[in-house]
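Structural overview
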Amino acid sequence: MKIGIFDSGIGGLSLLHEAYHMLPQQNYIFYADTEHVPYGTKTPEQIIDYATDIADFLVEKDVEAIVVACNTATSVAIKELRKRYSIPILGMEPAVKPAVEETSRKRIMVIATPVTIREDKLKDLLHRVDGEHRVDLLAMPKLVEFAEREEFDSEDVHEYLRQQFSQFNKDEYCAIVLGCTHFNYFKPAYREYFGEDILLVDGNYGTIHHLADVLSIPLVQDKEVYFETVHNMLYDNNTEYYFSKKSIKDEKTLEHLKRLHNRLEEVRKF
Ligand code: DGL
């Protein structure tokens, strides 16, 4: 099957990376809207325009399903997209439910973009799953910029995290929900700040499970797939990469994507 995956930028690559592990037998079109990134500080109207434009592009290319690998675009555009097309359109939302279910007493912090934090979709989710009011929210828009610059471990990144997290008492937290796909790249830095025991919860695994379910396609058991496969998939023909409608074929950008996949592999089980 041909599956379209899009995001404002390289955050969505973390979803594609998980798909390589769990659904390596499918074909993908990956679209990063590098001309308009970041979405998290734009208006809902702008984001809806970008998202419909991208989805039109993907549907033209005959994808059989679309995954909006962007919590921000899902927050504001998913209803529009579902109205517009008859193929399955999956979104992503912060994985608060598993975080609440897997932990008991301590607090949970959801980090996401300002749009995701502000929108009703997240409020509705908290209303449904956070009966004990254990969840706090924090917008971290600068992490998107750092990620786009491929800056994951610099002193500036650590300083930004320290500044933002200092409003909270870190000892009270047992889990951080990564409510933006760009935030996956920084897992070692969160762990350094919060300590080894902090649970880092992202939505990729759950979304790929859901996708397999919706399309009735079999999941590969994780342990059967090794990094070599991920590496090969970047260079064989099962994925077309686009940066805002520009097809990526040049060696330099493919190397960039490969570095990002390497980083995602490193942090995957963090
Ligand atoms: N990666 C996106 C998300 O999951 C949005 C980042 C941005 O463009 O602000 O929310």
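Everything below is about the structure shown above.
Computed from a predicted model, the values in this text were never measured in an experiment.

Before going further, it helps to spend a moment on unusual backbone geometry. For the bond running from Val-37 to Pro-38, omega is 0°, close enough to zero to count as cis. You can see Pro-38 is positioned in the loop between strand S2 (27-32) and helix H2 (44-60). Phi at Glu-150 is positive, roughly 60°, even though this residue is not glycine. Relative to the helices and strands, Glu-150 is located in the loop between helix H7 (142-148) and helix H8 (155-165). At Lys-245, a residue that is not glycine, the phi angle is positive and equals roughly 75°. If you trace the backbone, Lys-245 turns up in the loop between strand S9 (239-243) and strand S10 (246-247).

Bringing the sheet that holds S2 into the picture now. Backbone hydrogen bonds are what pair the strands of a sheet, in a parallel or an antiparallel way. The six strands are arranged S4-S3-S1-S2-S9-S10 in an open sheet whose pairing can be described as mixed. Since the sheet does not close on itself, it has two edges, and those belong to strand S4 (89-90) and S10, each with one partner. As paired strands, strand S1 (residues 2-7) and strand S3 (residues 65-68) are joined by four bridges and run parallel to one another. The partner of Phe-6 across the bridge, within S3, is Val-68.

Let's shift gears to helix H12 (residues 251-267). Taking 1.5 Å as the rise per residue, H12 with 17 residues should run 24 Å; its terminal C-alpha atoms sit 24 Å apart, in good agreement. Those residues of H12 lying buried are Thr-253, Leu-254, His-256, Leu-257, Lys-258, Leu-260, His-261, Arg-263, Leu-264 and Val-267.

Let us look at the packing of aromatic side chains. Summed over all chains, the structure comprises 13 aromatic pairs. When the ring of Phe-152 is compared with that of Tyr-185, the centres are 4.8 Å apart and the planes differ by 5°; the resulting orientation is stacked. Pair noted here: Phe-152 is in the loop between H7 and H8 and Tyr-185 is in the loop between strand S7 (173-178) and helix H9 (187-194), with a separation of 33 residues, a long-range link. For the pair Phe-152 and Tyr-185, one class covers both residues: buried. Between the aromatic rings of Phe-168 and Tyr-173, the centroid separation amounts to 6.0 Å while the plane-to-plane angle is 90°, which identifies the pairing as edge-to-face. When sorted by exposure, Phe-168 lands in the same class as Tyr-173, which is buried. Through a chain of ring-to-ring contacts, three or more aromatic side chains come together here, namely Phe-165, Phe-168, Tyr-173, Tyr-193 and Phe-194. Directly above the aromatic system of Tyr-193 lies the positively charged group of Lys-170, at a separation of 4.6 Å from the ring centroid.

Rules used throughout
- The residue count restarts for each chain, going from 1 along the sequence in the order it is written.
- Owing to the predicted nature of the model, reporting of local features is limited to residues with pLDDT of at least 70; listing and counting of side-chain atom pairs is limited to 80 or more, with chain, interface and lining totals taken over all residues.
- Hydrogens and waters are ignored; side-chain quantities use all the structure's heavy atoms.
- In DSSP terms, a helix is any run of H or I states spanning at least four residues, a strand is any run of E spanning at least two, and both are numbered starting from the N terminus.
- Here, any two strands with at least 2 DSSP bridges between them count as paired.
- In this scheme, a helix's expected span is set at 1.5 Å multiplied by one less than its residue total.
- Between buried and exposed lies partly exposed: a residue is buried under 20% and exposed over 50% of the maximum accessible area for its type, with that area taken using a 1.4 Å probe on protein chains only.
- When two rings of Phe, Tyr or Trp (its six-membered ring) have centres within 6.5 Å they constitute a pair, described as stacked for plane angles under 30 degrees, edge-to-face for angles over 60, and tilted for the intermediate range.
- For a lysine, the NZ atom is tested; for an arginine, the CZ atom; a charge sits over a ring if that atom is within 6 Å of the ring centre and within 35 degrees of the ring normal.

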